[in-house]
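What follows is the residue order along each chain.
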Amino acid sequence: MGAITLTRYLASRIGQALLASFGVLTIVFFIMRLSGDPTLLLVPEGASLEQIAQLRHELGFDRPLGMQFLSYLGDLARFDFGESLVQRAPVLGIVAERVPYTVALAVGALVVALGLGIPAGIAMAVWRGGIVERALSGFVLAGQSLPTFWSGILLILLFGVSLRWLPTSGSDGFASLVMPSLALGIVAMSTFARMTRISVLDELSRDYVTAARARGLSRGGAVLRHVLRNAAIPVVTIAALEIGNLLAGAVIVETVFAWPGIGQLAIQSIQSRDFLVVQAIVLFVSLVYVFSSFLADLAYVVIDPRIRMGR
Amino acid sequence: MKPRMTIGMAIVLALLAAFAIAAIAAPLLAPFDPLRQSLLLRLKPPGSLLGGRSFLLGTDDLGRDLLSRVLFGARASLLVAVVAVVLSLVVGTTLGLLAGWLRGWVATVVMRLVDTMLSIPAILLAVLTVAVLGPGLLNLVVVLGLTRWPRYTRVAYAQTLQVAELPYIRAAEMAGCGTARVMWRHILPNIAGPLMVVATSEFGLMILFEAGLSFLGLGIQPPYPSWGSIMAGGRQYIERAWWLTVFPGACLFAVVFCINVAGDWLRDQVDPRAASR
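Conventions used here
- Residues numbered from 1 in each chain as written.
- Chains lettered and ligands numbered in written order.
- Predicted model: local features only at pLDDT ≥ 70, side-chain atom pairs only at ≥ 80, totals over all residues.
- Heavy atoms only, no water.
- Helix = DSSP H or I, 4+ residues; strand = E, 2+ residues; numbered from the N terminus.
- Buried < 20%, exposed > 50% of the residue type's maximum accessible area, 1.4 Å probe, protein only.
- Contact = heavy atoms within 4.5 Å.
- Areas by Shrake-Rupley, 256 points an atom, 1.4 Å probe, with all protein chains shown as cover.
- Lys, Arg positive; Asp, Glu negative; His and termini not counted.
- Charge placed at Lys NZ, Arg CZ, Asp CG, Glu CD.
- Buried area = accessible area lost by both parts, 1.4 Å probe.
- Salt bridge = Lys/Arg side-chain N within 4 Å of Asp/Glu carboxyl O.
- Polar contact = N/O pair within 3.5 Å; in protein donor to acceptor, adjacent residues only side chain to side chain.
- Nonpolar A, V, L, I, M, F, W, Y, C, P; charged D, E, K, R; others polar.
- Core = buried A, V, L, I, M, F, W, Y, C linked by side-chain atoms within 4.5 Å.
- pLDDT = per-residue confidence, 0-100.

### Examining the overall build of chain B
- Secondary structure summary: chain B contains 12 helices and 2 strands in total.
- Starting at the N terminus, the α and β elements of chain B follow one another as α-α-β-β-α-α-α-α-α-α-α-α-α-α.
- Principal-axis analysis of the C-alpha atoms gives chain B an extent of 75 × 45 × 30 Å.
- Relative to its 277 residues, chain B shows a buried fraction of 51%.
- When contacts within chain B are restricted to residue pairs at least 6 apart in sequence, those whose partners lie at least 24 apart make up 73%.
- Of the roughly 12300 Å² of accessible surface on chain B, 68% is carried by carbon and sulfur atoms.
- When the 22 basic and 13 acidic side-chain charges of chain B are each reduced to a single mean position, those positions are 2 Å apart.

Here you go:
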């Protein structure tokens, strides 16, 4: 494919990502105003009517909605997420402080998900129709149905309370990361196993596999030498898309394990009525999602030249 | 297409029926009032016999019978999931049908909105909206109903585009059927299968969402029981009273697992090509 089509593809994909980001900002703006008056979300409990009116004016909530929206976009463009009225500090700093914890958790979960999901998916495809596939598909369905707050608690009961191998909560180094990563990773594992299975099955049915087998390569050899490389492409894409889900799933897992990431911060901020912090977290995770799906598409094009033509 | 009803499927459907019966008949089945507290009966382990009364699943930190609370928790689960699924199914399908039938700018606007809604992670969208509106059963149902429609719209749209091209639709139009009649009588029945598959998987997801949001304190409010809120209360007593988290969680897992198995089965029936993959 020529450079022009590639540029065009890139431009349209960037346009799409920008549009999606704008859409996310708009939806979050309107959700924050669903209750009628956002000032009431932000005032401390027991504030007088005068204080509320003053704050409404300070924050500009007495202006027309269109004006509010424009200044909201303007602030965000300058990375100004406002000031937390509870902690009296810029929201950006409060959230940024917690991001590394959530990233560590997401990476841990991704390791668990890939480490379990991909072998399971390959095994399901290669030993298709047998007892292996049936057992593994039960395992995958179970993973998909597991509420993270239950699997998390079971892990705590087993490794924390009974065996006393791992700390039950908090952030005391690597040991504290093991259980939250497992709880969060098992759900994503199912997605990877399903994707890998379908992807490997697709590749196995192709002519080049038959040709390789005809040349005398064993089935396992064909899988190892040829299939996995091609089957990896869709899985890479899913991995990028899954990052957004892992960050969102962290809300519950971090609460179970008292892990000090943005998920726990979001829930604490709702409890202390610190809504600008909640807003910033939702925006952050959604934009990461939009950006990572953009990167996934980009990776797709780079890895697989066949896709560039736009089918 | 071979209709397969295995023993495994029969067990799964029986368990789901048991869940529905437990939820609907909770007031008849529960041995005690799920809200009645008793300081003398705090944190009794499962199988406790006290004063001639037995507490099969034990009691919680306020001395309430766990079995009764779990039964009433099934109610909250079923109620929220059914209403949320019906609401989002109706909204999503209507939008998808309209977009697929009218095309043009309507389709562009609707499908852009779908893409955008789907780029905000679902649980965060629900958390933010419930937090703004305030927790509670009604808000929970409304929020889930109004944030979960995009998946239905996507499927209804794609299916409508395909079906609208078929000759019998053109024939119906030429026979003088109005837009509404064509959509309702001729397109909808033909796209219902894939929509049901989405609805089943959403049903399991909504049960997980209700429990998750209640676990976070954003769903059903105490003292009313939900599996999620029972577990949130039990999290504090994890070292002393494992039953408070293990039992409600096991119910939740079992129900969602059965729904997912049933959903896979349904998908294979609706789309035999997917089954053969």
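### A word on the interface of chain B and chain A
- Listed per partner, the contact involves 42 residues of chain B and 53 residues of chain A.
- Regarding the contact of chain B and chain A, the summed buried area is about 4000 Å², with carbon and sulfur atoms giving 77% of it.
- Here chain B and chain A share 2 salt bridges between them.
- Among the salt bridges present, the one from A:Arg194 reaches B:Asp264, with a minimum N-O distance of 3.1 Å.
- Along the contact surface separating chain B from chain A lie 5 residue pairs in polar contact (both at pLDDT 80 or more).
- Going through the elements one at a time, α4 (104–119), α5 (122–133), α9 (179–215), α10 (227–235) and α11 (243–270) of chain B are the ones with two or more residues in the side of chain B that touches chain A.
- Per element, the largest residue contribution to the side of chain B that touches chain A is 12 residues, and it comes from α11(B).
- Of the residues belonging to the side of chain B that touches chain A, the class tally is 28 nonpolar, 8 polar and 6 charged.

### A look at the nonpolar core
- With 156 residues, the main nonpolar core has A:Val28, A:Tyr72, A:Val95, B:Leu144 and B:Ile207 as its most contacted residues.
- Here the element with the most residues in this core is α9(B); it accounts for 16 residues.
- Each residue touching A:Val28, except ones within four places of it in the same chain, is listed here: A:Tyr72, A:Gln279, A:Val282, A:Leu283, B:Ile120 and B:Leu128.

### Quick word on the confidence of the model for chain A
- Mean pLDDT over chain A works out to 85, with 96% of the residues at or above the 70 mark.
- Mean pLDDT across the secondary structure elements of chain A bottoms out at helix α2 (residues 39–42) of chain A, with 78, and peaks at helix α5 (residues 91–126) of chain A, with 92.

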